Amino acid sequence: MTILGGVISSLGTPGLVKRFKNQKLNCIFLMAVSLVFSGLFFFSVKSENISIVYANAFALGFFLVPLVPIMLEYSCEAIYPLNGSFAVGIMLSGATLMTVCITQLLTLIVTAK
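Residues numbered from 1 in each chain as written. Predicted model: local features only at pLDDT ≥ 70, side-chain atom pairs only at ≥ 80, totals over all residues. Heavy atoms only, no water.

### Some words on helix H1 (residues 2-20)
Spanning 19 residues, H1 covers 25 Å between terminal C-alpha atoms, matching the ideal 27 Å at 1.5 Å per step. When the local axis directions of H1 are compared, the greatest deviation, roughly 35 degrees, occurs at serine 10, which is followed within four positions by the proline proline 14. For H1, the full list of buried residues reads Gly5, Gly6, Ser9 and Thr13. Looking at the buried side of H1, the elements it contacts are helix H3 (50-64) and helix H4 (67-78). (Helix = DSSP H or I, 4+ residues; strand = E, 2+ residues; numbered from the N terminus. Expected span 1.5 Å × (residues − 1). Bend = angle between axes of the 7 residues up to and from the residue. Buried < 20%, exposed > 50% of the residue type's maximum accessible area, 1.4 Å probe, protein only. Contact = heavy atoms within 4.5 Å.)

See the structure below:
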């Protein structure tokens, strides 16, 4: 469901980016909404209601997936004198490390009784 939400939103996101032409504002909005749905995802999983979990996963993907290319482009512009591939490599490495840490933390929280 997360991927489906991301694919659907990716169809409209380029139009919004071109319309507002403010990558920082777009990033802040998408990050704030993604953070809210990330927090709600934990509670939806704890509720064990599959329709709520699917709806939350769809909403999370809807706002999180289009954030990736916007942030990659914004990071390349932010460190302009350096090579753009350097920014992309640092971001992807950091994202991988944070994903592992958050997964371990949530595993401890969910399995603790």
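From this point, the narrative continues.
### Section: the nonpolar core
If you look at soluble globular proteins, the nonpolar side chains tend to sit buried side by side. By size, the foremost hydrophobic cluster in this structure holds six residues: Cys27, Leu30, Val33, Phe63, Leu67 and Ile70. When contributions to this core are tallied by element, the ones reaching two or more residues are helix H2 (23-47) and H4. Of the residues forming this core, the biggest block, three residues, is contributed by H2. Leave out the neighbours within four places in its chain, and cysteine 27 touches Leu67, Ile70 and Met71. (Core = buried A, V, L, I, M, F, W, Y, C linked by side-chain atoms within 4.5 Å.)

### Looking at the confidence of the model for the protein
Chain-level statistics for the protein give a pLDDT mean of 82 and a share of 99% at 70 or above. Within the protein, the lowest mean pLDDT, 76, falls on H4, and the highest, 88, falls on H3. (pLDDT = per-residue confidence, 0-100.)

### Observations concerning the packing of aromatic side chains
Scanning the entire structure with this criterion turns up five aromatic pairs. Centre to centre, the rings of phenylalanine 37 and phenylalanine 63 are 6.0 Å apart; their planes meet at 10 degrees, and the pair counts as stacked. Of this pair, phenylalanine 37 sits in helix H2 while phenylalanine 63 sits in helix H3, and the two are 26 residues apart along the sequence. Among the residues examined, phenylalanine 37 registers a relative accessible area of 21% and is labelled partly exposed. In this structure phenylalanine 63 comes out as buried when scored by relative accessible area, which is 18%. Taking the centre distance of 5.3 Å and the plane angle of 70 degrees together, the rings of phenylalanine 42 and phenylalanine 43 count as edge-to-face. Taking the relative accessible area as the measure of exposure, phenylalanine 42 reaches 22% and is therefore partly exposed. Three or more aromatic residues link up through ring pairs in this structure, and these residues are Phe29, Phe37, Phe58, Phe62 and Phe63. (Phe/Tyr/Trp six-rings, centres within 6.5 Å; stacked < 30°, edge-to-face > 60°.)

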